[in-house]
Amino acid sequence: MARTLELKESQTLYLTALDTAIHEGETIILKRGGQSVAVLMSIEAYEALQARPIAPPPDPREYDLEKDRAAFLRLKDELFRTHPGQYVGFRDGEFIDSDSDWTTLVERIYERFGYVPICVKKVEAQEPIYRISGPRRVS
């Protein structure tokens, strides 16, 4: 729940700047010691934020990784021609986006679809082979 504080009229420079910024629709982040501690926004922005439905997080057990892997394998030759060396993202068996930077791609996909399970692969001629040794007895 939000707490309401009544601001009194003041000629303090930062209050004037805040008032102007909020009336222009800006969101202001307040920091203390370099750490973000609060946000100031217009009442319209706050009400819009409160009205947004909050979707429950997806159940990762319902994610079909094999569907996305199959889509990658089906499109691999074409992707190698059009997106060599790039990371490509798949969701529900469909190619959705690509980027040369893994983090940028994942952030963009999450911004578009929300925090949902996705498959991201790098388009390479030969997939890397990882060698994992088995357990060893130490005497």
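The structure this text deals with has already been given above.
Predicted, not measured: the structure shown is a model, and the values here were computed from it.

This part takes up the environment of Leu105. Tracing the backbone through its elements, the reader meets Leu105 in helix α4 (residues 102-113). Once you skip the residues sitting within four places of it in the chain, Leu105 turns out to touch Tyr87, Val88, Gly89, Asp97, Ser98, Asp99 and Val120.

What follows is about the sheet that holds strand β4 (residues 94-99). Ordered by their spatial adjacency, 3 strands build an open sheet running β4-β3-β5, and the pairing between neighbours is antiparallel. The sheet is open, and its two borders are formed by β4 and β5 (119-122), each paired with just one other strand. For this sheet, the mean inter-axis angle between neighbouring strands, taken without regard to orientation, is 25 degrees. As defined by bridge partners, strand β3 (residues 87-91) adjoins β5 across 4 bridges and the pair is classed as antiparallel.

We now examine unusual backbone geometry. The backbone of Asp92 shows a phi angle near 55 degrees, a positive value even though the residue is not glycine. In this fold, Asp92 is placed in the loop between β3 and β4.

With that settled, consider the pattern of salt bridges. Where charged atoms from two side chains of opposite charge come close, those side chains can pair. One pass over the full model with this rule turns up 4 salt bridges. Residue Arg108 pairs with Asp97 through a salt bridge whose shortest N-O separation is 2.6 Å. A residue pair is termed long-range when its members are at least 10 positions apart, and Arg108 in helix α4 and Asp97 in strand β4 qualify at 11 residues. The salt bridge involving Asp99 is made with Arg108; its shortest N-O contact spans 3.0 Å. What makes Asp99 buried here is its relative accessible area of 15%. Look at Arg108 and you get partly exposed, because its relative accessible area is 31%.

Reading the values: the criteria
Residues numbered from 1 in each chain as written. Predicted model: local features only at pLDDT ≥ 70, side-chain atom pairs only at ≥ 80, totals over all residues. Heavy atoms only, no water. Helix = DSSP H or I, 4+ residues; strand = E, 2+ residues; numbered from the N terminus. Contact = heavy atoms within 4.5 Å. Pairing = 2+ DSSP bridges. Axes fitted to C-alpha atoms, helices over the stretch in contact; angles between N-to-C directions. Salt bridge = Lys/Arg side-chain N within 4 Å of Asp/Glu carboxyl O. Buried < 20%, exposed > 50% of the residue type's maximum accessible area, 1.4 Å probe, protein only.

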